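A closer look at the structure
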Amino acid sequence: MADIEKNLKAIFSEISAGNDRGEKIALLGATKFVPSEKINEAVAAGLEFIGENHAQEFRDKFALYPPCEKHFIGTLQKNKLKYVVGKADVIDSVSNEEIAEAINEKAAALGTSQNVMLEINAGDEKDKTGASINAAKALYKSIIGLNHLKLIGIMAMLPAGKTEDELAYLCEKVRDFYDEIRLSSPNVKTLSMGMSGDYKTAIKHGSNMIRLGRAIFGERIQNAAKEQTV
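The rules we used
Residues numbered from 1 in each chain as written. Predicted model: local features only at pLDDT ≥ 70, side-chain atom pairs only at ≥ 80, totals over all residues. Heavy atoms only, no water. Helix = DSSP H or I, 4+ residues; strand = E, 2+ residues; numbered from the N terminus. Expected span 1.5 Å × (residues − 1). Buried < 20%, exposed > 50% of the residue type's maximum accessible area, 1.4 Å probe, protein only. Contact = heavy atoms within 4.5 Å. Polar contact = N/O pair within 3.5 Å; in protein donor to acceptor, adjacent residues only side chain to side chain. Phe/Tyr/Trp six-rings, centres within 6.5 Å; stacked < 30°, edge-to-face > 60°. Lys NZ or Arg CZ within 6 Å of the ring centre and 35° of its normal. Salt bridge = Lys/Arg side-chain N within 4 Å of Asp/Glu carboxyl O.

To continue, consider helix α4 (residues 97–110). The end-to-end C-alpha distance of α4 is 20 Å, a good match for the 20 Å that 14 residues give at a rise of 1.5 Å each. Of the residues making up α4, those classed as buried are Ile99, Ala100, Ala102, Ile103, Asn104 and Ala107. Buried residues in α4 make contact with β4 (90–94), β5 (114–121), α5 (136–144) and β6 (149–157). Where α4 starts, the residue carrying a side-chain oxygen 3.1 Å from the main-chain nitrogen of Glu98 turns out to be Asn96. In the segment just after α4, Gly111 is the residue with positive phi, at about 70°.

Written out as structure tokens, the structure reads:
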């Protein structure tokens, strides 16, 4: 059994019991700098969701992806929308009203509706994108008011260097907001929260999708997929 298959089998077994709400956990493979052949190997071994961080890497690998649900999870600049909008199944990183409006405008020009997720910066860290938990409601209202966006979930970024109790508190606050907006937005079904260092805590406190990279693919090497300037 190849390493990727072994890794996935172990992770699927670990998350098989679901989260603390009894919901199934979806595993998204973070594929930044992961070559297409490894992505194909992972999908063949049962990975259903992948997520790219860089717009041009998404563009360059798009024709090589196997059948799976393709997410864009990185910061999206307005001059790179053409590489992602209408191609990604979901844009997870809608972090402010300006980018929401830009994605909506591009989707309208393409005559399509773009699935999106609202990005929350749970620790309100200055060096990370995403709305604070307090500002998330205003961003939510902005997104649902745009005709060419379909809100299907939340992607939360948790801060590093926190105790488990501190992380649990933040996860619960994000989950409370998720539950609140689901009352009026039935298409919202995904709370993507938890990466390699914090996914176990996130699952214990309401996450139903986790984003793992090295745990699936091993160490990644930055290569020709490196972000371009064009």
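There's plenty left to go through after this.
Once that is clear, we can look at the packing of aromatic side chains. Across all of its chains, the model carries four aromatic pairs by this definition. Measuring from centroid to centroid gives 5.6 Å for Phe58 and Phe62, while their planes differ by 45°, and the two rings are tilted. Each ring, one from Phe58 and one from Tyr65, has its centre 5.8 Å from the other, and the planes form 45°; the classification is tilted. Residues Phe58 and Tyr65 agree in their burial class; the two are buried. Of note, Arg59 hangs over the ring of Tyr83, and the distance from its end group to the ring centre comes to 4.6 Å.

Turning next to the pattern of salt bridges. It is possible for side chains of opposite charge to pair when their charged atoms get near one another. Counted under the stated rule, the structure contains 15 salt bridges. Two residues, Glu52 and Lys61, come together in a salt bridge whose shortest N-O distance is 2.7 Å. A single burial state applies to Glu52 and to Lys61, both of which are buried. Connected via shared salt-bridge partners are Glu23, Arg175, Asp179 and Arg182.

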